[in-house]
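# Observations on chain architecture
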Amino acid sequence: MQSKATVTNLGAVLLGKHVACDAYAEGRPIRVVTHAHADHMMGLGKSLKNCEVAVMTPATRDLIEALKGPRFLARGNIKTLDYGEALTYEDEQLTLHYADHILGTAQALVEDKEKTRILYTSDFRFSRTPVVEADILVMEATYGDPFRVRPFGMMAEGILVSLVEQGLSRGPVYVFGYHGKLQKMMRILYEAKVKTPFIVPERIFRVSKVCEKHGMKLGRNLLAFDGERAQSMLSQRDSCVVFYHMYSRKRVGGEALRIIASGWQFGKPCRRVGEGEYMVALSDHSDFNELLQYVERCNPELVITDSHRSEAARIFAREIEKRLKIPARAAPA
Ligand SMILES: [Zn+2]
């Protein structure tokens, strides 16, 4: 049982005999990309060169092309799988299942010839992610520490809207987040009928267009940063919402109202972190209680928590054993 799944020192989640998810692993013919976040695309160039096939959902393929350019994936053999569609390789079967995280995210399930079901959840938010039946469960553990809970649920979304509306009465508002989460915020604002233009740098524009192609409604007012209208609005300090990647947080929007979307905000849904700067608790990950609920509902024989991507993996494995009496360990050890 133990040998059928692990996480390597390079962060590859190994399922069964052939599949490596989310990082390169020597000798594994199938590379799965569960979603288009950087810590799940590790070693992808090497995988494209060396693996027989790289598997992902169609939306993840489109997002990778938007982020890395259309030529990047052309170096390898890509197989897109819709949710529920199977790929058979020798005596094992791989399927992808929906996960609520960013567009295109999938849980990966391998069923081997002994009918053992080996599942990797990847990153997910519990409330809208289906629990997949599994014997061995490899889990993300980002908020695997019992102190990492967000008891306020969806309240942060309403706070985001009111902060933006307040800021817009005085000029532009800057919003910072990761790919995927930025588009979720656009959708929240659009659904709340915030009508001002959304101004975004080129790469975020491309990612947003992919999200729209796959059914997300982001409003009609998306403007690329370099365009004439966007430039004139910014120079005149007109009301608009400017979206930037988290990495640009220290660099831009100094004098405007600034909102940072972060999963690392607990206790209350919003906190003032500086002059005109707020951190809003918007997360695409499950909190501790939700992670535990997934394990409880899945009720596998063994849990492996991913300690390559999370420092809380060891704590989470201990809590699973203590609270649910299910054997659990962190990998890599
Ligand atoms: Zn992610």
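This text goes with the structure placed above it.
We now turn to the structure provided with this report. These numbers were taken from a predicted model, which means no experiment stands behind them.

Next up on the list: unusual backbone geometry. A cis amide bond links A331 to the next residue, P332, at an omega of -5 degrees. Here P332 is to be found in the segment after strand 20 (328-331). The phi dihedral of K115 is positive, around 70 degrees, even though this residue is not glycine. Here K115 lies in the loop between strand 9 (106-111) and strand 10 (117-120). A positive phi angle, close to 55 degrees, is found at R237, a residue other than glycine. Examined against the element boundaries, R237 turns out to sit in the loop between helix 6 (228-235) and strand 15 (241-245).

Take helix 6 next. Taken together, the buried positions of helix 6 are occupied by A230, M233 and L234. Each buried residue of helix 6 sits inside an arc of 95 degrees when the element is viewed along its axis, so together they form one side. Away from its buried face, by an angle of more than 90 degrees, helix 6 presents the exposed residues E228 and S235. Against the buried residues of helix 6 lie strand 12 (173-177), strand 13 (198-200), strand 14 (222-224) and strand 15. Directly beyond the C-terminal end of helix 6, a positive phi value near 55 degrees is found at R237.

As a further point, take the pairing of strand 17 (residues 270-274). A regular strand places its side chains so that they alternate between the two faces of the sheet. The sheet contact formed by strand 17 and strand 18 (residues 277-280) spans 4 bridges and is antiparallel. By the bridge assignment for strand 18, R272 is matched with Y278. Where strand 17 folds back on strand 18, the antiparallel hairpin that results is connected by 2 residues, among which G276 adopts a positive phi of roughly 65 degrees.

Around the zinc ion, the donor atoms from the protein are H35 (NE2), H37 (ND1), H101 (NE2) and D123 (OD), and they sit 2.1 to 2.3 Å away. All donors to the zinc ion come from one chain, and their sequence spacing reads H-x1-H-x63-H-x21-D. You can see H35 sitting in the loop between strand 4 (30-32) and helix 1 (44-50) and its partner D123 sitting in the loop between strand 10 and strand 11 (136-139), a full 88 residues away along the chain. Each member of the pair, H35 as well as D123, is classed as buried.

Rules used in this analysis
Residues numbered from 1 in each chain as written. Predicted model: local features only at pLDDT ≥ 70, side-chain atom pairs only at ≥ 80, totals over all residues. Heavy atoms only, no water. Helix = DSSP H or I, 4+ residues; strand = E, 2+ residues; numbered from the N terminus. Buried < 20%, exposed > 50% of the residue type's maximum accessible area, 1.4 Å probe, protein only. Arc of directions from axis to C-beta. Contact = heavy atoms within 4.5 Å. Pairing = 2+ DSSP bridges. Donors = N, O, S within 2.8 Å, 3.2 Å for Na, K, Ca; no water.

Keep in mind that these numbers describe shape and distance, not what the molecule does.
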